[in-house]
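# Observations on chain architecture
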Amino acid sequence: MINLSYVWSDGPKSPTWVKTEPYGPEQKTILQFYFHEITTGDSATIQLIAQAQPSAANYTVTDFGDLYMADNPLTMGPELNSTLVGRAQGFYGSASQNVWSYIMGLTYNFVDGIYNGSSLSILGLNSIVNPVREYPVVGGTGVFRMARGYVLAQTYMFDPNLGIVIIGYNVTIFHS
C-alpha cells in the first residue's frame, strides 16, 4: 500500500507535494501527485492512434497492439480541480496478449513552483491489474537533470462507466 496521506513543506519556494534533501553529492527528491485519465467525451486525455488488425487467429481481449497518445493532468490532490502540478504526455501500447499490460513512455512536465519547466521521463511496463505498479525513471530535465529512480503507482479511483481513472503517484528520484 502506498502512503498517499503525507504532505511536506520545505519553505516558501517548495510546493507541498515535493520534498528534496541532500543525498551525498546529489539531491534526493520525493514527489507525490495524482494522474487523471479521461477516456471518453470531449475532454478525453487519451486517444487511440493506431489499432491492431485483429483476426480470429490472433484476437485477444487485451487489445494487444493498440497504441494510445496521452496528455493527462497531474494534480496535487485526487480531485481534478485540485492544483495542477503538471501534465503526463506520451504514449502507451498494449504489450501483452494475455494480461492488461501497457508499455509506457511518458514525460511528466511540471508547471508548479520552482519545478515549472522541469520534467521526468518514465519508460516501463504498466501491469494495470496489479494493485501497486513500479516504473523506472530514466531521465529528467531542469531541476531534475540526470534523474534516475522509480515510481510507485496505485489506482485511487476507477469508474469505467464515466471513463475516469485516477492514480496516486509516489516518485523517488536522485538527481544533480
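Below is a summary of the structure that appears in this document. Source: prediction; values computed, not measured.

What counts and what doesn't
Residues numbered from 1 in each chain as written. Predicted model: local features only at pLDDT ≥ 70, side-chain atom pairs only at ≥ 80, totals over all residues. Heavy atoms only, no water. Helix = DSSP H or I, 4+ residues; strand = E, 2+ residues; numbered from the N terminus. Buried < 20%, exposed > 50% of the residue type's maximum accessible area, 1.4 Å probe, protein only. Contact = heavy atoms within 4.5 Å. Areas by Shrake-Rupley, 256 points an atom, 1.4 Å probe, with all protein chains shown as cover. Salt bridge = Lys/Arg side-chain N within 4 Å of Asp/Glu carboxyl O. Phe/Tyr/Trp six-rings, centres within 6.5 Å; stacked < 30°, edge-to-face > 60°. Core = buried A, V, L, I, M, F, W, Y, C linked by side-chain atoms within 4.5 Å.

If you tally the helices and strands in the chain, you get zero helices and 10 strands. Secondary structure elements of the chain occur, N-terminal to C-terminal, as β-β-β-β-β-β-β-β-β-β. Of all 176 residues assigned to the chain, the portion counted as buried reaches 43%. Residue pairs at least 24 apart in sequence account for 49% of intrachain contacts in the chain once pairs closer than 6 positions are excluded. Just so you have it, the chain exposes about 9200 Å², and 57% of that area is on carbon and sulfur atoms.

Charged atoms that come close allow side chains of opposite charge to pair. One pass over the full model with this rule turns up three salt bridges. Notably, a salt bridge pairs glutamate 21 with lysine 19, separated by 3.8 Å at the nearest N-O pair. When its relative accessible area of 27% is taken as the criterion, lysine 19 is described as partly exposed. Salt-bridge contacts for glutamate 26 lead to arginine 148; the nearest nitrogen and oxygen are separated by 2.9 Å.

The next point concerns unusual backbone geometry. Peptide bonds are trans in most cases, and residues, glycine excluded, mostly fall at negative phi. Even without a glycine there, the phi angle at methionine 146 is positive, about 65°. As for its placement among the helices and strands, methionine 146 is situated in the loop between β8 (132-141) and β9 (148-159).

As a further point, take the packing of aromatic side chains. Any aromatic ring pair is given by two values, namely how distant the centres are and how the planes are angled relative to each other. Counted according to the given criterion, the structure contains 15 aromatic pairs. Summarising the aromatic geometry, the rings of phenylalanine 33 and tyrosine 169 are spaced 5.5 Å apart at their centres and angled 10° between planes, so their arrangement reads as stacked. Separated by 136 residues along the polypeptide, phenylalanine 33 in strand β2 (residues 26-38) and tyrosine 169 in strand β10 (residues 164-175) bring together distant segments of the chain. Accessibility expressed as a relative area gives 1% for tyrosine 169, which makes it buried. Aromatic side chains phenylalanine 35 and tyrosine 169 sit 5.5 Å apart centroid to centroid with 40° between the ring planes, which places their arrangement in the tilted category. Separated by 134 residues along the polypeptide, phenylalanine 35 in strand β2 and tyrosine 169 in strand β10 bring together distant segments of the chain. The same class applies to phenylalanine 35 and to tyrosine 169, which are both buried. Counting every residue linked through ring pairs, the aromatic cluster contains Trp17, Phe33, Phe35, Tyr108, Phe110, Tyr115, Tyr135, Phe144 and Tyr169.

So, on to the nonpolar core. Leu31, Phe33, Phe110 and Tyr169 are the most contacted members of the largest nonpolar core, which has 31 residues in total. Within the residue set of this core, elements represented by two or more residues are β2, β4 (67-75), β5 (84-94), β6 (101-110), β7 (119-127), β8, β9 and β10.

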